[in-house]
Amino acid sequence: MTLRAIDLFCGIGGNSWGAQQAGVEIVAGFDKWDLAGRSIKTTSRTRGSTRKTCPSFRAPTSNAFSREIGTIDLILASPECTSHSVARGGKPKMKKACVFPGTSGAAEVFQLRWMVIENVVAMKSWMRYKDFLRVLHERSHYHCLPQSLTASDFGVPQRRYRLYILCDRDQKPEPVITTVEKQAPAAKVLSPDGQYTFTPLDKPGRAKKTIARAERGFAALGRETPFLMVYYGTDHAGGWQTLETPLRTVTTLDRFALVRPDGNSGHEMRMLQPPELQAAMGFPPEFKLAHGVRRDKIHLLGNAVCPPVMEAIVRSLTAGQPRERGEVQEPVYEGG
């Protein structure tokens, strides 16, 4: 049998998809957002898979649940990150975050060997970050290796920079090695011409800041080269990027617009659509978000983890370990 894992704060299952590509069986997952739970029912490749939706994470930290779900080798966890993320703007940081009950508590109950915790890199500035690592080491007996990784170094056409805390009870984890030499460009995620509708760039009511972003792109690339306008971020790059480099970070907001010549001496634009953002996150074409309106799907994708990165992490963390075990209980899938 393969190694078995549970996915905490699973969202639409980016961690699960990556781990499954590395040969791990996802036994169950947990997320408090009902839309995420409904979405993962239709996107998961595991048998009859659903995800438990619950306001707290007491269920997977109970001994009764441990007995029900059977032997677990690995926990994947992507706790809430809005109190750490630079995307929070000027909002005050939370003094207390949900990472403790959702990860260290489950680790103590299951007594499993491995755990991977994903979050924004700014989590390292969290006032309780060092205490969290200390608890994992002293109470749960983990060797921990925090490593910041960029998704574009693993074949994902996006520069998504995230912190991953690799935990192993038996030995110090080895650093994860990047898997590609040449990064995939943003152009790779674009759907074929004609699939989506463009509107004139210069039309009545278009925001002046949007026109200014486009003009900065024209000044750098000329007026015949398509490019992407970038919203909702620092404007140090002029509010645009080329199609020849990986996409900047996908967020929970509608952030990217494709600008191109319209064939009549003018220009047209459209926002990138969920299937394109899905490709930018490293999800395969067979992954389908069937629930929620467009805004919901963008939010779900912006909160997700890039599967190829998690695949590389799990392969590295469990490299050389025996994959055979005795009889295992049937998978448990709850709620939704």
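See the structure shown above.
Keep in mind that what you see is a predicted model, and the values were worked out from it rather than measured.

This part covers the overall build of the protein chain. Along the protein chain, the regular secondary structure elements total nine helices and 11 strands. Going through the 336 residues of the protein chain one by one, you find that 52% of them count as buried. Look at the contacts in the protein chain between residues 6 or more apart in sequence, and 69% of them connect residues 24 or more apart. Approximately 15700 Å² of the protein chain is accessible, and the part contributed by carbon and sulfur atoms is 52%.

Strand order in this open sheet of six strands is S2-S1-S3-S4-S6-S5, and the pairing throughout is mixed. Lying at the two open borders of the sheet, with one neighbouring strand each, are strand S2 (25-30) and strand S5 (143-150). Put simply, the sheet's adjacent strands are angled 20° from each other on average, direction ignored. The pairing of strand S1 (residues 4-8) with strand S3 (residues 74-77) spans four bridges and is parallel. Residue pairing across strands places Ala-5 opposite Leu-74, the latter belonging to S3. Most of the contacts of helix H1 (residues 14-21) go to S3, to which it runs at about 145°, and overall it touches S1, S2 and S3. Set on the sheet, helix H5 (residues 129-138) makes contact with strand S4 (114-120), S5 and strand S6 (161-168); between it and S6 the angle comes to about 25°.

Here we come to the side chain of Gln-273. For Gln-273, the location among the structural elements is in the loop between strand S11 (267-271) and helix H7 (274-280). Judged by its relative accessible area of 16%, Gln-273 is buried. Gln-273 has contacts with Tyr-196 and Arg-294, leaving out every residue within four places of it along the chain.

For S2, the tally of buried residues reaches six of six residues, placing the bulk of the element in the interior. Examined bridge by bridge, S1 and S2 share five bridges and lie parallel to one another. Residue pairing for S2: Arg-4 is matched across the bridge by Glu-25. After leaving S1, the chain enters H1 and then returns to the sheet as S2, a path that is right-handed.

Here the phi dihedral of Phe-9 falls at roughly 55°; this positive angle occurs in a residue that is not glycine. For Phe-9, the location among the structural elements is in the loop between S1 and H1. A residue is classified by how much of its surface remains accessible, and Phe-9, at 10% relative accessible area, is buried. Phi angles above zero are rare outside glycine, and His-141 is one such case at about 65°. With respect to the helices and strands, His-141 occurs in the loop between H5 and S5.

Definitions and cut-offs
- Residues numbered from 1 in each chain as written.
- Predicted model: local features only at pLDDT ≥ 70, side-chain atom pairs only at ≥ 80, totals over all residues.
- Heavy atoms only, no water.
- Helix = DSSP H or I, 4+ residues; strand = E, 2+ residues; numbered from the N terminus.
- Buried < 20%, exposed > 50% of the residue type's maximum accessible area, 1.4 Å probe, protein only.
- Contact = heavy atoms within 4.5 Å.
- Areas by Shrake-Rupley, 256 points an atom, 1.4 Å probe, with all protein chains shown as cover.
- Pairing = 2+ DSSP bridges.
- Axes fitted to C-alpha atoms, helices over the stretch in contact; angles between N-to-C directions.
- Right-handed = clockwise from strand over helix to strand, strands pointing away.

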